[in-house]
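The primary structure of each chain is shown beneath.
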Amino acid sequence: MAKFWNFVFFQVGWFACILGAAYQHELWAVIGTLAYIAIYLWRSQTPKLELTLLLKVLSFGILTDSLLMYLGILDFKGTWPSPYLSPAWMWALWLLVASTLNSSLSWLNGKPVLGMVLGAISGPLSYEAGIRMGAANWGSGSHILALGLISVVWAVAMPLFFYWVGPITRPALAKNT
């Protein structure tokens, strides 16, 4: 049941962040996401390891989205906390993704090729949906090239994220044997 609620909260958080950005009310979505992440960590069996995973995924997300922004591929709505970095509502989305790795997406752990394929498909679709809902705009370059680059980012991201999950699942497996 926890995986079901993780999936539900991810979806609610995704829509809240996207619609919040589209209508310039992203602060409430970010606060709500941070509240959910705090509860998620509080309920975790390995909160320190889980926090490390969240921070790694968040760092990856800030770096890649900021790079996509600098390359002119994406133009995000909202610039808080800095016009030089991707916006905080995108950071919240990366934290939400990280919260699914040991829960609703745990079935992908140990399947890097499937993770790569699903990441390459679902990542660009998520960005496209967010853009169509008004949270961002495509840059001045080729739309197809932008989708391709985001596809590559997510094809790398998913196996990398599950590689980072390893230290969290190994202690849990050891306890069960």
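Refer to the structure presented above.
How each quantity is defined
- Residues numbered from 1 in each chain as written.
- Predicted model: local features only at pLDDT ≥ 70, side-chain atom pairs only at ≥ 80, totals over all residues.
- Heavy atoms only, no water.
- Helix = DSSP H or I, 4+ residues; strand = E, 2+ residues; numbered from the N terminus.
- Expected span 1.5 Å × (residues − 1).
- Buried < 20%, exposed > 50% of the residue type's maximum accessible area, 1.4 Å probe, protein only.
- Axes fitted to C-alpha atoms, helices over the stretch in contact; angles between N-to-C directions.
- Parallel < 35°, antiparallel > 145°, perpendicular 65-115°, else oblique.
- Left-handed = near helix turned anticlockwise from the far one by under 90°.
- Contact = heavy atoms within 4.5 Å.
- Nonpolar A, V, L, I, M, F, W, Y, C, P; charged D, E, K, R; others polar.
- Core = buried A, V, L, I, M, F, W, Y, C linked by side-chain atoms within 4.5 Å.

Here we come to helix 4 (residues 88-100). Given a rise of 1.5 Å per residue, 13 residues ought to cover 18 Å, and the 19 Å separating the end C-alpha atoms of helix 4 matches this to within 8%. Counting buried positions along helix 4 yields twelve of 13 residues, so the element is predominantly enclosed.

Another point: the packing of helix 1 (residues 2-22) against helix 2 (residues 26-43). Running from N to C, helix 1 and helix 2 point in directions that differ by 160 degrees, and their axes come no closer than 7 Å. Classed by the angle they form, the pair helix 1 and helix 2 counts as roughly antiparallel. When you trace helix 1 past helix 2, the crossing you get is left-handed. Two secondary-structure elements touch here, helix 1 through Asn6, Phe9, Ala16, Cys17, Gly20 and Ala21 and helix 2 through Glu26, Ala29, Thr33, Tyr36 and Tyr40. Counted by class, the contact of helix 1 with helix 2 contains seven nonpolar, three polar and one charged residues.

Core analysis: the largest hydrophobic core is formed by 49 residues, its most contacted members being Leu74, Trp89, Trp94, Trp154 and Phe161. Elements supplying a minimum of two residues to this core: helix 1, helix 2, helix 3 (47-70), strand 1 (74-76), helix 4, helix 5 (112-132), strand 2 (136-138) and helix 6 (143-176). Residues contacting Trp89, with those up to four places away along its chain left out, are Cys17, Ile18, Ala21, Glu26, Val30, Phe76, Lys77 and Ala135.

It is worth stressing that arrangement in space is one thing and function is another; only the former is reported here.
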